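Coordinates in review
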Amino acid sequence: NYIQIDGSEGRTLFNKNIRLNDTVQAQFGGSADLQIYHNGSTSSIYNNTGNLVITNGANDSDIIFKSDDGSGGTTEYFRLDGGVARTIFTRNTAHVDNAKAIFGNGDDLQIYHDGSNSYIKDTGTGFLIIEADAALVLQNAGGEPYLQAISNGAVQLYYDNSKKLETTSTGVRITGV
């Protein structure tokens with residue numbers, strides 16, 4: 001019993017695998033609006049109308065995106081985590097020049113590189129707040145500090161890796177003239 005036509009429920013049941021040869025499409029919709037096919041080297045899902053919606057209706061389950069890991073195996077790159085309602089990236093993301101990571105309903109926070117300079121741009125209302133538990137350190141790529149702000153302690157400013165100004169509980173301490 002390979003194919004069963006069930007007129008009472010209006011469906012056709014396939015009881016064995018279905019193989020479509022290269023370049024043969026599985027087409028759905030009156031105008032073949034959705035097509036799934038393989039051309040011999042590339043597999044494609046093509047939607048020609050409306051939105052393409054992928055839904056996992058299983059309670060607290062994920063949609064997991066995997067691909068080759070560069071060594072012949074496969075690995076997860078990101079997932080839509082239904083258990084905690086967030087997107088989890090398990091590999092680095094790459095943004096080409098002028099492609100922005102944008103946050104907020106009004107594009108309020110933007111992080112990007114324009115090919116010459118890198119930006120963290122606050123374009124919305126309110127303050128740009130950077131929080132750190134122990135300390136906030138701004139430094140160059142070699143680890144040389146520009147500024148250190150220690151929780152419940154001093155704020156220190158540096159010139160050429162040498163501390164020049166430091167706040168204290170009673171005021172400031174200046175090194176040099």
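So, how was this worked out
Residues numbered from 1 in each chain as written. Predicted model: local features only at pLDDT ≥ 70, side-chain atom pairs only at ≥ 80, totals over all residues. Heavy atoms only, no water. Salt bridge = Lys/Arg side-chain N within 4 Å of Asp/Glu carboxyl O. Buried < 20%, exposed > 50% of the residue type's maximum accessible area, 1.4 Å probe, protein only. Helix = DSSP H or I, 4+ residues; strand = E, 2+ residues; numbered from the N terminus. Pairing = 2+ DSSP bridges. Axes fitted to C-alpha atoms, helices over the stretch in contact; angles between N-to-C directions. pLDDT = per-residue confidence, 0-100.

1. Things to note about the pattern of salt bridges
Applying the stated criterion across every chain, the model contains seven salt bridges. A salt bridge links Arg-79 to Glu-76, with the shortest nitrogen-to-oxygen separation between them at 2.8 Å. Taking the relative accessible area as the measure of exposure, Arg-79 reaches 22% and is therefore partly exposed. Salt-bridge contacts for Lys-163 lead to Glu-166; the nearest nitrogen and oxygen are separated by 3.3 Å. Each of Asp-62, Glu-76, Arg-79 and Asp-81 takes part in a single network of salt bridges with overlapping partners.

2. Details of unusual backbone geometry
We note that Asp-60 has phi near 55°; this positive angle belongs to a residue other than glycine. With respect to the helices and strands, Asp-60 occurs in the loop between strand S5 (43-47) and strand S6 (62-68). The backbone phi angle of Asp-160 is positive, close to 50°, even though this residue is not glycine. Topologically, Asp-160 is positioned in the loop between strand S14 (155-159) and strand S15 (162-168).

3. Considering the sheet that holds S15
The sheet built from five strands is open, its strands ordered S12-S13-S14-S15-S16 with antiparallel pairing. Since the sheet does not close on itself, it has two edges, and those belong to strand S12 (135-139) and strand S16 (171-174), each with one partner. Each strand axis lies, on average, 10° off the axis of its neighbour in the sheet, ignoring direction. Two elements, S14 and S15, share four bridges in a ladder whose sense is antiparallel. The partner of Tyr-159 across the bridge, within S15, is Ser-162.

4. Considering the confidence of the model for the protein chain
Scored by pLDDT, the protein chain comes out at a mean of 95, with 100% of its residues at no less than 70. Mean pLDDT across the secondary structure elements of the protein chain bottoms out at strand S1 (residues 3-6), with 92, and peaks at S14, with 98.

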